[in-house]
Amino acid sequence: MLRNVAVVLLDGVNPFELGVVCEVFGLDRSEAGLPVYDFAVVAGESGVLSNHAGFTITTRYGLDRLEEADLIAVPAGQSFAQRDFPKELLAALRRAVDRGARVLSVCSGVFVLGAAGLLDGRRCAVHWRHSTELAVRYPRARVEPDVLYVDEGPVITSAGTAAGIDACLHIVRQEHGIEVGNAIARRMVVPPHRDGGQAQFVARPLPRTQCDTVGGVLAWMERHLDAEDITVERLAERAHMSPRTFARRFQQETGTTPYRWLLRQRVLLAQELLEGSDETVDAIAGRAGFGNAAAMRHQFLRALGTTPNAYRRTFRGPAAVSAARPAERASSVAG
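- By the naming in an unreviewed UniProt entry, the chain goes by Helix-turn-helix domain-containing protein and is assigned to Streptomyces longisporoflavus.

Here it is as structure tokens:
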């Protein structure tokens, strides 16, 4: 369980990105029954630490405070893409991951994680303006420039400023459940999760469950997304429960209904196929369980605010859409 959080303060830190971490993890919301963290702002280097807004920041905590943190956050800063970072800080970050702690970067804070060697072989997110530079500077990192955030086990990276909020709330949901994450989001007056052009691409994620009651059914549903006869009654039978009991347990453990869970997984599979294959939209609609392209288009508009072809164009370029259209026309003529 996440209890101890530290955020690293470096010269040139961006106040907003620092504030994002402080707002999510450093504010006492115990009066609302929400978790309270042992939170600290830690100086990552010596000297006077300033920022582009013209004020300085001081803290009584040094690098030794990182040794007890369950989560260490590194916010963005001016010229982080070009500067070097203290060896002592980089070593502390590596030790944290080795002992099981997690590290989080907001925007260009990812360059600190890269300098520590924590991006090697891992997918990572960064603001699109820095994606090429990050890939060049750390060629072993698998940079994904079009996502809000990436969760790669102990290393969580996020893109621009608002994406840092998304990543922080993602961690809260993982640790404390959907209700707590939503409650903090409401207090901050932000959406608990954002879909859209930069929707995060954790490959068809299964919502975390608090017990194994519906775990087997979730796995079966994921393997059979193209099935047309997935009903609450059939799922309840697989779980050896009555439909009413199953629906209640499913809601308790996933935070949503079987229908909404199934629909979200189908959308995610369709996103994956649109990004990574040349299959026609009709073929993808069938594989993802929508039945036909019109039904998938309807659900894409509801879930993502865009159409399948527009989504493919955004993430693969116009050439990919053009290449798929002849096959779609041929399929329509044959039909």
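Once you've had a look at it, read on.
1. Some words on the layout of surface pockets
Phase 1: As a volume, the second largest pocket reaches approximately 180 Å³.
Phase 2: In this structure, the second largest pocket is lined by 14 residues; those nearest its centre are Gly77, Gln78, Ser108, Arg129 and His130.
Phase 3: Per-class residue counts for the lining of the second largest pocket are four nonpolar, eight polar and two charged.

2. Focus on helix α1 (residues 15–25)
Phase 1: Considered for burial, the residues of α1 that qualify are Glu17, Leu18, Val20, Val21, Val24 and Phe25. Mapping the buried residues of α1 onto a view down its axis gives an arc of 150°, with all of them on the same face.

3. Section: the packing of α1 against helix α5 (residues 161–176)
Between two packed helices, both the angle of their axes relative to each other and the distance between the axes serve to describe the pair.
Phase 1: Close contact between α1 and α5 brings their axes to 9 Å; oriented N to C, the two are set at 25°. Comparing the axis directions of α1 and α5 gives the class roughly parallel. The handedness of the crossing between α1 and α5 comes out as right-handed. In contact with Phe16, Glu17, Val20, Val21, Val24 and Phe25 of α1, α5 contributes Thr161, Gly164, Ile165, Cys168, Ile171 and Val172.

4. Side note on the pairing of strand β9 (residues 149–152)
Phase 1: Both β9 and strand β10 (residues 155–158) contribute to a ladder of four bridges, which runs antiparallel. Counted as the bridge partner of Val150 is Thr157 from β10.
Phase 2: Where β9 folds back on β10, the antiparallel hairpin that results is connected by two residues, among which Gly153 adopts a positive phi of roughly 65°.

5. Overview of the pairing of strand β6 (residues 102–106)
Phase 1: Burial analysis of β6 places five of its five residues in the buried class, which makes it a mostly covered element.
Phase 2: Burial along β6 is two-sided: Arg102, Leu104 and Val106 facing one way and Val103 and Ser105 facing the other are all buried.
Phase 3: Of the strand pairs in this sheet, strand β5 (residues 71–74) and β6 are connected by four bridges, and their pairing is parallel. Each residue of the ladder has a partner; that of Ala73, found in β6, is Leu104.
Phase 4: Regarding topology, helix α2 (residues 87–98) serves as the crossover connection from β5 to the parallel β6, and that connection is right-handed.

6. A word on the sheet that holds β5
Phase 1: Pairing within the open sheet is mixed, and its six strands lie in the order β2-β1-β5-β6-β10-β9. Looking along the sheet, the strands with just one partner apiece sit at the ends: β2 (38–43) and β9. Within the sheet, the average angular offset between the axes of one strand and its neighbour, ignoring direction, is 15°.
Phase 2: For strand β1 (residues 4–9) and β2, the ladder comprises six bridges, and the chain directions are parallel. Along β2, the bridge assignment pairs Val7 with Val41.

7. Considering the side chain of Thr280
Phase 1: Residue placement: Thr280 occurs in the loop between α10 (258–276) and α11 (281–287).
Phase 2: Assessed through its relative accessible area of 13%, Thr280 is described here as buried.
Phase 3: At a separation of 3.1 Å, a polar atom in the side chain of Thr280 contacts the main-chain amide nitrogen of Ala283.

What counts as what
- Once a new chain begins, its residue numbering starts again from 1 and follows that chain's sequence as written.
- Residue-level local features of this predicted model are given only where pLDDT is at least 70; pairs of side-chain atoms are given and counted only at 80 or more, and the full residue set underlies all totals for whole chains, interfaces and linings.
- Values shown for side chains rest on all heavy atoms present in the structure; no hydrogens or waters enter the calculation.
- Only protein atoms enter the 1 Å grid used here, on which a cavity is any set of points holding a 1.4 Å probe that cannot leave and a pocket is any open set flanked by protein within 12 Å on both sides along at least five of seven lines; residues with an atom within 4 Å of a point are listed as lining.
- Grid points are joined across faces, edges and corners, and a volume is the space filled by probe spheres set on the points.
- Residues were grouped as follows: Ala, Val, Leu, Ile, Met, Phe, Trp, Tyr, Cys and Pro as nonpolar; Asp, Glu, Lys and Arg as charged; and all remaining residues, including Gly, as polar.
- Burial classes follow relative accessibility: with a 1.4 Å probe on protein chains only, a residue under 20% of its type's maximum area counts as buried, one over 50% as exposed, and anything between as partly exposed.
- Strands are runs of DSSP state E lasting at least 2 residues, helices are runs of H or I lasting at least 4, and numbering of each runs from the N terminus.
- Our arc is simply the arc of the directions from the helix axis toward the C-beta atoms.
- Geometry is summarised by axes, namely lines fitted to C-alpha atoms with helices restricted to the contacting stretch, and by angles between N-to-C directions that run from 0 to 180 degrees.
- For this classification, under 35 degrees means roughly parallel, over 145 means roughly antiparallel, 65 to 115 means roughly perpendicular, and everything else is oblique.
- Each crossing gets its handedness from the near helix: less than a right angle anticlockwise from the far helix is left-handed, clockwise is right-handed.
- The contact rule is simple, with two residues in contact once any of their heavy atoms fall within 4.5 Å.
- The pairing criterion is simple: DSSP has to find at least two bridges between the two strands.
- If the strands point away from the viewer and the path from the first strand over the helix to the second runs clockwise, then the crossover is right-handed.
- For this analysis, a polar contact is any N or O atom pair within 3.5 Å, provided that within protein one partner can donate a hydrogen and the other can accept it, and provided that sequence-adjacent residues contribute only side-chain to side-chain pairs.

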